[in-house]
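Geometric and topological summary
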Amino acid sequence: MKNRGIYTGLLLVAVLLIGICACEQQERRQAVDRAAIRVCFSPGGGCTEAIVQELNRATSEIKVQAYSFTSRPIARALLDARKRGVKIDVILDKSNAETTKYGTANFMTNRGIPTFIDDQHAIAHNKVMVIDQQTVITGSFNFTRAAEEKNAENLLIIRDGAIAGLYLKNWEAHRAHSHAYQKPSEPS
């Protein structure tokens, strides 16, 4: 009889734990279902302008991961954010470290934006911005003029702190194995 009471108690605890886990999973699914999402498509779908608008709203920090980044309007919006006191950190694919002194990594570094190179993957193909730990910009859209004007690409802007937290955690994992960009040497 005593063992039966112990087993019944353990069974109740197990059922309670299963119920808690199921509720947590349900809450996570509902959070994703309720996220404010904006969708853009290119060419000519206003993806660059949508990104610039979000960058202009930034108040505290912007974390960037980019494979290719040559868009002047996006670079300008990042610089404007920095002038407003927004902390910006950029992780770029290793192909950006091999460019000339006019490349994106050099441009960002010269303007005081900490820039890191992720060379731990065949391609660091992320296209992500996390703004103020609340908004995520992602999709196939490279931060380039060609992405806006010529390519068939997509962009998602997701305003949800929980989702932003997941992307920020991933950004930090990539930052941990990236190294600071080193400017090319000036010819003597």
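For the structure itself, look to the data block above.
Here's what I pulled together on the structure shown here. Note that the structure is predicted; figures quoted are calculated from it, not measured.

**Re the pairing of strand E7 (residues 153-159)**
Pairing of strand E1 (residues 36-42) with E7 involves seven bridges; the strand directions are antiparallel. Counted as the bridge partner of Ala36 is Arg159 from E7. Of the pairings in the sheet, the one linking strand E6 (residues 135-138) to E7 comprises four bridges and is antiparallel in character. Looking at E7, one finds that Thr135 is bridged to Arg159.

**Some points on unusual backbone geometry**
The peptide bond linking Ser42 to Pro43 adopts the cis configuration, its omega dihedral lying at 10°. With respect to the helices, strands and loops of the structure, Pro43 is situated in the loop between E1 and helix H2 (47-57). You will see that Asp132, though not glycine, has its phi angle at about 50°, which is positive. Relative to the elements of secondary structure, Asp132 occurs in the loop between strand E5 (127-131) and E6. Given a relative accessible area of 18%, Asp132 falls into the buried group.

**Quick look at the side chain of Ser42**
Of note, Ser42 is situated in strand E1. Among the polar contacts listed, one links the side chain of Ser42 to the backbone oxygen of Ala147, at a separation of 2.7 Å. Setting aside residues no more than four positions away along its own chain, Ser42 makes contact with Cys47, Phe141, Ala147, Glu148, Asn151, Ala152 and Glu153.

**As for the pairing of E6**
Burial of E6 is two-sided: the residues Thr135 and Ile137 facing one way and the residues Val136 and Thr138 facing the other way are all buried. Hairpin connection between E5 and E6: a loop of three residues separates the two successive antiparallel strands, and Asp132 in this loop has a positive phi of roughly 50°.

**Description of the packing of aromatic side chains**
In total, this model carries one aromatic pair according to the counting rule given. With 5.8 Å between their ring centres and 70° between their planes, Phe69 and Phe143 make a pair best called edge-to-face. Separated by 74 residues along the polypeptide, Phe69 in the loop between strand E2 (61-66) and helix H3 (72-83) and Phe143 in the loop between E6 and helix H5 (145-149) bring together distant segments of the chain. Of the residues examined, Phe143 reaches a relative accessible area of 0% and is grouped as buried.

**Comments concerning the sheet that holds E7**
In space, the eight strands of this open sheet follow the order E1-E7-E6-E5-E2-E3-E4-E8, with mixed pairing throughout. Looking at strand neighbours, the two that pair on one side only are E1 and strand E8 (179-180), the edges of this open sheet. One ladder, built from six bridges, connects E2 with strand E3 (residues 87-93); its direction is parallel. In the sheet register, Gln65 faces E3, and the bridge partner there is Ile91. Relative to the sheet, H2 contacts E1, E2, E5, E6 and E7, its axis offset from that of E7 by approximately 25°.

Cut-offs and rules
- Residues numbered from 1 in each chain as written.
- Predicted model: local features only at pLDDT ≥ 70, side-chain atom pairs only at ≥ 80, totals over all residues.
- Heavy atoms only, no water.
- Pairing = 2+ DSSP bridges.
- Helix = DSSP H or I, 4+ residues; strand = E, 2+ residues; numbered from the N terminus.
- Buried < 20%, exposed > 50% of the residue type's maximum accessible area, 1.4 Å probe, protein only.
- Polar contact = N/O pair within 3.5 Å; in protein donor to acceptor, adjacent residues only side chain to side chain.
- Contact = heavy atoms within 4.5 Å.
- Phe/Tyr/Trp six-rings, centres within 6.5 Å; stacked < 30°, edge-to-face > 60°.
- Axes fitted to C-alpha atoms, helices over the stretch in contact; angles between N-to-C directions.

Remember that the coordinates give geometry; whether it matters functionally is a separate question.
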